[in-house]
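Letter by letter, the chains look like this.
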Amino acid sequence: MRRAYRSIAIDGPSGAGKSSLSGQLARAIGYLHVDTGAIYRTVGLAASRRAIGKEDAQAVAAMLPELDIQVRYGPDGGQRMVLDGEDVTEAIRSHAVSEWASIVAAIPAVRAFLLDTQRKLAQSHDVIMDGRDIGTVVLPDADLKIFLTAQPKDRARRRYLELCQRGEQADEEQILQDVLRRDRQDMERAASPLRQAPDAVVADTTGKGREESFQLLLKLVQTHLGEVGGVGR
Ligand code: DC
């Protein structure tokens, strides 16, 4: 039996362009974009605000029932994250919160806590959901799974330019080291590590600009799902 809604899972390491490309793709084909990294970042922000020790997984787990995390969508279709009534969409993008997000994402209680929120969105909308374990754990029956990747140097460069644009202090070599460390954390953790689903299609954006990367993904969608949202007619 065909499910009521279609889903596209996009997984891959940080800085491969998952969120921005998924958002652009979702707008082009009329799907809802769910950036699951933003949801983990929101938990990371909550932990950082409570002055919890970075090794204290128990304290992070104990905080979860107190959290009110909402995924909302603005008039432009952009995802907004709301933590305890406060819009934290911009606040979760800092370097410090990236660190915290990676830490909380390794805690099984956090992953279990967020699973339902992610699946419910896919049960009520056509979605493009991006993250690390979407094709392997969250939506194993997704209609299309894409593993989006790029060489670490390319990913560090993009992150560097992004931070500069936001006026944050940035050191490119330091960012490369951080990218490599976070890759290790995401791939080596026991709970839902980042890995390519066996039935995922690989899209490598190394050396590709945004438009070229977007066209690559759009083509994959058209090839695997046919005409969607009027695109490809
Ligand atoms: O994609 P991002 O950098 O915004 O993700 C933030 C952190 O959350 C990153 O360390 C990986 C983690 N994450 C995860 O473990 N599983 C997901 N589905 C999405 C993100």
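Right above here is the structure, for reference.
Residues numbered from 1 in each chain as written. Predicted model: local features only at pLDDT ≥ 70, side-chain atom pairs only at ≥ 80, totals over all residues. Heavy atoms only, no water.

Trainee: Looking at this structure, how should I read the overall build of the protein chain?
Mentor: Across its full length, the protein chain holds 9 helices and 8 strands. Along the three orthogonal principal directions, the C-alpha set of the protein chain runs to about 55 × 40 × 35 Å. Nonlocal contacts in the protein chain, meaning residues at least 24 apart in sequence, comprise 72% of its contacts between residues at least 6 apart. By element, 50% of the accessible surface of the protein chain is carried by carbon and sulfur atoms, the whole surface being about 11300 Å². Measuring between centres, the 32 positive side-chain charges of the protein chain sit 3 Å from its 33 negative side-chain charges. (Helix = DSSP H or I, 4+ residues; strand = E, 2+ residues; numbered from the N terminus. Contact = heavy atoms within 4.5 Å. Areas by Shrake-Rupley, 256 points an atom, 1.4 Å probe, with all protein chains shown as cover. Lys, Arg positive; Asp, Glu negative; His and termini not counted. Charge placed at Lys NZ, Arg CZ, Asp CG, Glu CD.)

Trainee: Would you take a moment to explain the pairing of strand E7 (residues 144-149) for this structure?
Mentor: A regular strand places its side chains so that they alternate between the two faces of the sheet. Taking burial as the measure, the 6 residues of E7 include 6 buried ones, the bulk of the element. Burial along E7 is two-sided: Leu144, Ile146 and Leu148 facing one way and Lys145, Phe147 and Thr149 facing the other are all buried. Pairing geometry for strand E1 (residues 7-11) and E7, over 4 bridges, is parallel. Residue Asp11 lies in a different strand from E7, and its bridge partner there is Phe147. With 4 bridges connecting them, E7 and strand E8 (residues 201-204) associate as parallel partners. (Buried < 20%, exposed > 50% of the residue type's maximum accessible area, 1.4 Å probe, protein only. Pairing = 2+ DSSP bridges.)

Trainee: Would you mind showing me how to read the packing of helix H4 (residues 95-104) against helix H8 (residues 172-188) here?
Mentor: Axis angle and axis distance: for two packed helices, these are the angle between their axes and the distance between the axes, and together they describe the pair. Between H4 and H8, the shortest axis-to-axis distance is 10 Å and the interhelical angle comes to 20°. As summarised for this structure, H4 and H8 are arranged roughly parallel, according to the angle between their axes. Taken as a pair, H4 and H8 cross one another with a handedness that is left-handed. For the pair formed by H4 and H8, the contact residues are His95, Ser98, Glu99 and Ser102 on the first element and Asp178, Arg181, Arg182, Gln185 and Asp186 on the second. A per-class count over the contact of H4 with H8 returns no nonpolar, 4 polar and 5 charged. (Axes fitted to C-alpha atoms, helices over the stretch in contact; angles between N-to-C directions. Parallel < 35°, antiparallel > 145°, perpendicular 65-115°, else oblique. Left-handed = near helix turned anticlockwise from the far one by under 90°. Nonpolar A, V, L, I, M, F, W, Y, C, P; charged D, E, K, R; others polar.)

Trainee: How do you make sense of the environment of Thr149 when you look at a structure like this?
Mentor: Topologically, Thr149 is positioned in strand E7. Apart from the residues lying within four places of it in its own chain, the contact partners of Thr149 are Pro13, Ala16, Val202, Ala203, Asp204, Thr205 and Thr206.

Trainee: Explain the pattern of salt bridges here, please?
Mentor: Should the charged atoms of two oppositely charged side chains come close, the side chains can pair. Applying the stated criterion across every chain yields a total of 19 salt bridges. In this structure, Asp87 and Arg80 form a salt bridge, with 3.0 Å as the shortest nitrogen-oxygen distance. For Arg80, a relative accessible area of 27% corresponds to the partly exposed category. Salt-bridge contacts for Asp116 lead to Lys120; the nearest nitrogen and oxygen are separated by 3.2 Å. One end of the pair is Asp116 and the other is Lys120, both in helix H5 (residues 108-124) and 4 residues apart, which spans about a single turn. A relative accessible area of 45% means that Asp116 is categorised as partly exposed. Ionic contacts of the salt-bridge type, sharing partners, join the residues Glu99, Asp178, Arg181 and Arg182 into one network. (Salt bridge = Lys/Arg side-chain N within 4 Å of Asp/Glu carboxyl O.)

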